[in-house]
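# Observations on the three-dimensional arrangement
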Amino acid sequence: NKPTVPTGRISQNVSGHILHFEDKGKRRRALINFGMADVDSSLLKPLIDEIEVIGSTSDHTILDVEEAKSEIKVGSKIGFLPGYGALVRIMNSKYITKQYKEV
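Here goes a summary of the coordinates provided. The model shown is predicted, which means the values in this text are computed figures rather than measured ones.

To continue, consider the packing of aromatic side chains. Across all of its chains, the model carries one aromatic pair by this definition. Aromatic side chains Phe34 and Phe80 sit 5.8 Å apart centroid to centroid with 85° between the ring planes, which places their arrangement in the edge-to-face category. Taken together, the residues Phe34 in the loop between β3 (29-32) and β4 (44-46) and Phe80 in strand β7 (residues 80-82) connect sequence positions 46 residues apart. In this structure Phe34 comes out as buried when scored by relative accessible area, which is 15%. A relative accessible area of 19% means that Phe80 is categorised as buried.

Following this line, the structure appears as structure tokens:
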């Protein structure tokens, strides 16, 4: 559980943006092991509707999982529907494992 507004001075992120935060109190967060070096997280839609992508660092993405109906814990797998720009970056990243399935 983490507060939705960081403490201390807020400065620009790696993309040069200064982020603004809505105070929703403490919420349950999940940290996943891909970030802006791999994909633009704003172009990802979690397949679990109640999960929200909060943002990314260069190598991690932060999710708000407070409202998730299924239990999210260490080792949980969360699927995403990538937008076009996200899909292009994912497919070109050497750090993301790809699995191909016939449909």
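Once you've had a look at it, read on.
Right, let's talk about the side chain of Ser56 for a bit. With respect to the helices and strands, the residue Ser56 is situated in strand β5 (residues 52-56). Polar contacts involving the side chain of Ser56 include one to the side chain of Ser41, which spans 2.9 Å. A polar side-chain atom of Ser56 sits 2.9 Å from a polar atom in the side chain of Thr61. Ser56 has contacts with Gly35, Met36, Ser41 and Thr61, leaving out every residue within four places of it along the chain.

What counts, and at which threshold
- Residues numbered from 1 in each chain as written.
- Predicted model: local features only at pLDDT ≥ 70, side-chain atom pairs only at ≥ 80, totals over all residues.
- Heavy atoms only, no water.
- Phe/Tyr/Trp six-rings, centres within 6.5 Å; stacked < 30°, edge-to-face > 60°.
- Helix = DSSP H or I, 4+ residues; strand = E, 2+ residues; numbered from the N terminus.
- Buried < 20%, exposed > 50% of the residue type's maximum accessible area, 1.4 Å probe, protein only.
- Polar contact = N/O pair within 3.5 Å; in protein donor to acceptor, adjacent residues only side chain to side chain.
- Contact = heavy atoms within 4.5 Å.

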